[in-house]
Amino acid sequence: MISTLEELLPEAKFSKQPSGGGTPAGVRKHSSQSSAAVVYDDGHGKAALSVSLGRQNPEEVAEGDLACPDKNFTPFETCSATTLTDGPRLVLFKGWEYPDRREETRWWYADLLTPEGYRISVHEWNAPAEKGAGVSRPAPPLSLDRMKGLAQAGEWRPLLASLPEPEASAPRPPAPEGLSGDTILSRLTELLPEGLTVKESGKQEAEYAYVVVDDGQGKSFVQINVQPGMSDVAATLFGSDAEVLDDGTKVVTHQGPGEKGGAGVKMREVDTIRPGGLRVVISAFNAANQNEAASREEPALTLDQLKKIATSEVRLG
């Protein structure tokens, strides 16, 4: 497989990557898979480059797979997700290994799934290793168009055909308990104070949603988790200093630096738990997302406004 990869690449010097390097964790999750990785040196700096081949049921693509990531959590330069004329689904991505850009390691990839279930993922970096190596060149060596061609190369077909067929699908897990992400997002949007314009929004399948709002002073990221059945953490998270409301809801507040790497990011958070174990946590930031630098002096919502949202009525039924 390494020899095929080297033959398909433009002329260069090749060397081995460290053991386990070059194949991102998200790519290694598929069964019936094989991978290879090299260090590619075209004279302009060494670059890690890898390919992963796999087989899977093309009708069972997980939510968020073969799609561009949410830019508020995974910043990127460019990303496209398309279905080609002959049926394959293709994602072309240019981004960074570290979402908070603490190192300028660039990560580009092409991810292809054919109608018969062949998955080819090609990844490259502008460093000799995915992590733990300094940047060695301004950008990875291959253009996205070249990466697309590499993923589509017919030379992979015999190797793909030799892989075992994907295992029979496990039964679908039951839907998560609690509110859907759509419901949470709708409710959060309804409860926002007047004067805020929603610029962006997103959600998970259940329990989580976010909005990016602007009051004219800059963008502010606001996220909320709505989690049922959390009574077991009440004693740990809500101590004797917690405020107790008339209905028994416990409330704690936090203010301080953001949890991630954005410069100057501040966070306000209200954490609540109700007698039945329903936990609602809402936080606001003075940035459009937690990975970027602050875009305003303070978060757009006050603690009182966050508390009003967190303690509003919730119907789980």
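Our structure's up above, just so we're on the same page.
Details of the sheet that holds strand 2 (residues 33-41)
Working step 1: In spatial order, the strands read 1-2-3-7-6-5-4; together these seven strands make up an open sheet with antiparallel pairing. The strands lining the two open edges of the sheet, one partner per strand, are strand 1 (13-16) and strand 4 (76-83). Averaged over all pairs of adjacent strands, the angle between their axes in this sheet comes to 15°, without regard to strand direction.
Working step 2: Judged from the seven bridges that link them, strand 4 and strand 5 (residues 89-96) form a sheet pairing that is antiparallel. Paired with alanine 81 across the two strands is valine 91, which belongs to strand 5.
Working step 3: Helix 2 (residues 144-152) rests against strand 4, strand 5, strand 6 (106-113) and strand 7 (118-125) of the sheet, and its axis sits at about 40° to strand 6.

Remarks on the pattern of salt bridges
Working step 1: One pass over the full model with this rule turns up 16 salt bridges.
Working step 2: Between lysine 131 and glutamate 97 there is a salt bridge; the shortest N-O distance is 2.4 Å. One end of the pair, lysine 131, is in the loop between strand 7 and helix 2; the other, glutamate 97, is in the loop between strand 5 and strand 6, and 34 residues separate them in sequence.
Working step 3: A relative accessible area of 47% means that lysine 131 is categorised as partly exposed.
Working step 4: Judged by relative accessible area, glutamate 97 falls into the buried class, the value being 10%.
Working step 5: Close ionic contact of glutamate 116 with arginine 157 constitutes a salt bridge, the shortest N to O distance being 2.4 Å. With glutamate 116 in the loop between strand 6 and strand 7 and arginine 157 in helix 3 (residues 156-162), this residue pair connects regions lying 41 residues apart in the sequence.
Working step 6: Exposure remark for glutamate 116: the relative accessible area of 42% places this residue in the partly exposed category.
Working step 7: Salt bridges here are not isolated pairs; linked through shared partners, they connect Asp65, Asp111 and Arg119.

Comments concerning the pairing of strand 7
Working step 1: For strand 7, the tally of buried residues reaches eight of eight residues, placing the bulk of the element in the interior.
Working step 2: Neither face of strand 7 is left uncovered, since the one carrying Tyr118, Ile120, Val122 and Glu124 and the one carrying Arg119, Ser121, His123 and Trp125 both have all their residues buried.
Working step 3: As defined by bridge partners, strand 3 (residues 46-55) adjoins strand 7 across seven bridges and the pair is classed as antiparallel. Along strand 7, the bridge assignment pairs glycine 54 with arginine 119.
Working step 4: Examined bridge by bridge, strand 6 and strand 7 share seven bridges and lie antiparallel to one another. Within the sheet, the bridge partner assigned to tryptophan 108 lies in strand 7 and is glutamate 124.
Working step 5: Counting the residues in the hairpin turn of strand 6 and strand 7 gives four residues, including glycine 117, whose phi is positive at 95°.

A few points about the environment of tyrosine 109
Working step 1: Secondary-structure assignment places tyrosine 109 in strand 6.
Working step 2: As for tyrosine 109 and lysine 148, which are separated by 39 residues in sequence, their C-alpha atoms are 8.6 Å apart.
Working step 3: Beyond its immediate chain neighbours, meaning those up to four positions away, tyrosine 109 contacts Val91, Leu92, Phe93, Val122, His123, Leu144 and Met147.

Some remarks on the side chain of arginine 137
Working step 1: Mapped onto the elements, arginine 137 comes out in the loop between strand 7 and helix 2.
Working step 2: Among the polar contacts made by the side chain of arginine 137, one reaches the main-chain carbonyl oxygen of glycine 45 at a distance of 2.7 Å.
Working step 3: Reaching out from arginine 137, the side chain makes a polar contact with the backbone oxygen of alanine 139 at a distance of 2.9 Å.
Working step 4: Arginine 137 has contacts with Asp42, His44, Gly45, Lys46, Ala47 and Asn126, leaving out every residue within four places of it along the chain.

So, the environment of arginine 157
Working step 1: Taking the relative accessible area as the measure of exposure, arginine 157 reaches 37% and is therefore partly exposed.
Working step 2: In this structure the C-alpha to C-alpha distance between arginine 157 and phenylalanine 73, which are 84 residues apart in sequence, comes to 34 Å.
Working step 3: Apart from the residues lying within four places of it in its own chain, the contact partners of arginine 157 are Thr114, Glu116 and Tyr118.

Focus on the state of the cysteines
Working step 1: Tallied over the full model, the rule gives one disulfide.
Working step 2: Bridging cysteine 68 to cysteine 79, the disulfide has an S-S length of 2.1 Å. One quick way to see it: the torsion about the S-S bond of cysteine 68 and cysteine 79 is about -95°, and its sign makes the bridge left-handed. Placement of the pair is cysteine 68 in the loop between strand 3 and strand 4 and cysteine 79 in strand 4, with a sequence separation of eleven residues.
Working step 3: According to the relative accessible area criterion, cysteine 68 is partly exposed, its value standing at 28%.
Working step 4: On the accessibility criterion, cysteine 79 (21% relative accessible area) is partly exposed.

How each quantity is defined
- Residues numbered from 1 in each chain as written.
- Predicted model: local features only at pLDDT ≥ 70, side-chain atom pairs only at ≥ 80, totals over all residues.
- Heavy atoms only, no water.
- Pairing = 2+ DSSP bridges.
- Helix = DSSP H or I, 4+ residues; strand = E, 2+ residues; numbered from the N terminus.
- Axes fitted to C-alpha atoms, helices over the stretch in contact; angles between N-to-C directions.
- Contact = heavy atoms within 4.5 Å.
- Salt bridge = Lys/Arg side-chain N within 4 Å of Asp/Glu carboxyl O.
- Buried < 20%, exposed > 50% of the residue type's maximum accessible area, 1.4 Å probe, protein only.
- Polar contact = N/O pair within 3.5 Å; in protein donor to acceptor, adjacent residues only side chain to side chain.
- Disulfide = S-S within 2.5 Å.

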